[in-house]
Amino acid sequence: EATRNEDAQMSDVLMIVKKACDSLSPLVRCIYDKQSSEDLSTQKADLSYFTIADGLVQELILRYLFKTVKFKAVVAEEDVAVDLQKQPFSVGQFKIPENSEIATGIQKACAALESYSKELEMLDKGGTNGVLAKSTLFLDPIDGTKEFVQKKGECCTICIGFSRDGKADAGLVYRPIPPTTTWAAGCSREG
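In this text, all values refer to a predicted model and were calculated from it rather than measured experimentally. (Residues numbered from 1 in each chain as written. Predicted model: local features only at pLDDT ≥ 70, side-chain atom pairs only at ≥ 80, totals over all residues. Heavy atoms only, no water.)

Novice: What exactly am I supposed to notice about the sheet that holds strand 8 (residues 157–164) here?
Specialist: Strand-to-strand pairing in sheets goes through backbone hydrogen bonds, with the strands running parallel or antiparallel. Pairing is mixed in the open sheet, where five strands are placed in the order 3-7-8-9-10. Each having just a single partner strand, strand 3 (73–76) and strand 10 (182–187) make up the two edges of the open sheet. In this sheet, adjacent strand axes meet at a mean angle of 15 degrees when their direction is disregarded. The sheet contact formed by strand 3 and strand 7 (residues 135–143) spans four bridges and is parallel. For A73, the partnering residue across the bridge sits in strand 7 and is T136. With respect to the sheet, helix 2 (residues 52–65) is in contact with strand 3, strand 7 and strand 8, its orientation differing from that of strand 7 by roughly 150 degrees. (Pairing = 2+ DSSP bridges. Helix = DSSP H or I, 4+ residues; strand = E, 2+ residues; numbered from the N terminus. Axes fitted to C-alpha atoms, helices over the stretch in contact; angles between N-to-C directions. Contact = heavy atoms within 4.5 Å.)

Novice: Explanation requested: the sheet that holds strand 4 (residues 82–83) in the structure shown.
Specialist: Here we have three strands laid out as an open sheet, ordered 4-5-6, and antiparallel in their pairing. Every other strand in the sheet has two partners, leaving strand 4 and strand 6 (94–96) as the edge strands with one partner each. Taken together, the three bridges between strand 5 (residues 89–91) and strand 6 define a ladder with antiparallel strand orientation. Residue pairing in the sheet places S90 in a bridge with K95 of strand 6.

Novice: For this particular structure, what's the right way to read the side chain of R164?
Specialist: Among the structural elements, R164 can be located in strand 8. For R164, the side chain forms a polar contact with the side chain of E6, separated by 2.7 Å. (Polar contact = N/O pair within 3.5 Å; in protein donor to acceptor, adjacent residues only side chain to side chain.)

Novice: Before we go on, may I ask you to explain the packing of aromatic side chains in this structure?
Specialist: How two aromatic rings sit relative to each other is set out by the distance from centre to centre and by the angle between their planes. Across all of its chains, the model carries four aromatic pairs by this definition. Ring geometry for F66 against F162: centres 6.3 Å apart, planes inclined by 90 degrees, an arrangement best described as edge-to-face. Separated by 96 residues along the polypeptide, F66 in the loop between helix 2 and strand 3 and F162 in strand 8 bring together distant segments of the chain. F162 shares its class with F66; the two are buried. A connected cluster of aromatic rings, assembled from ring pairs, spans F66, F71 and F162. (Phe/Tyr/Trp six-rings, centres within 6.5 Å; stacked < 30°, edge-to-face > 60°. Buried < 20%, exposed > 50% of the residue type's maximum accessible area, 1.4 Å probe, protein only.)

This is the structure:
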């Protein structure tokens, strides 16, 4: 019975995560649209790309959506300092101009994700006994960053996965850039 309840709970978690991605899409699209006219990306030492969208999506998901969740572990792609406490916001070396369209998008996303965080907290029993406390979170904030930089937005996704007991358990793949977003979500134990 506990496993079935946890599986139903994980399905509910995925739907909250999907709503969070819906709220992140306008911000990601804004960055995507502005990247050719503004310096919003850089190449890392390993020659892969990093954009402010990578840093922002990761920070917003980890610090706003999952702020009260105590995961067993977190595996996230980016290692960059992000400051969203006061304007001008910063993402690594990048400063977001005050009151810019991106800064406004950040503020809207923060507010939305904080409300979804409250839903998760209620669902996950305060973050200590629920299914998420038994899970490892895997996060790739923008899978396809090279394609993002090359303006191939249809190839970019936000990937959020969960494992329990060392096995893949549930996940969401979300395409935020096309005008009509697409996504797929599922749980391994859905039968």
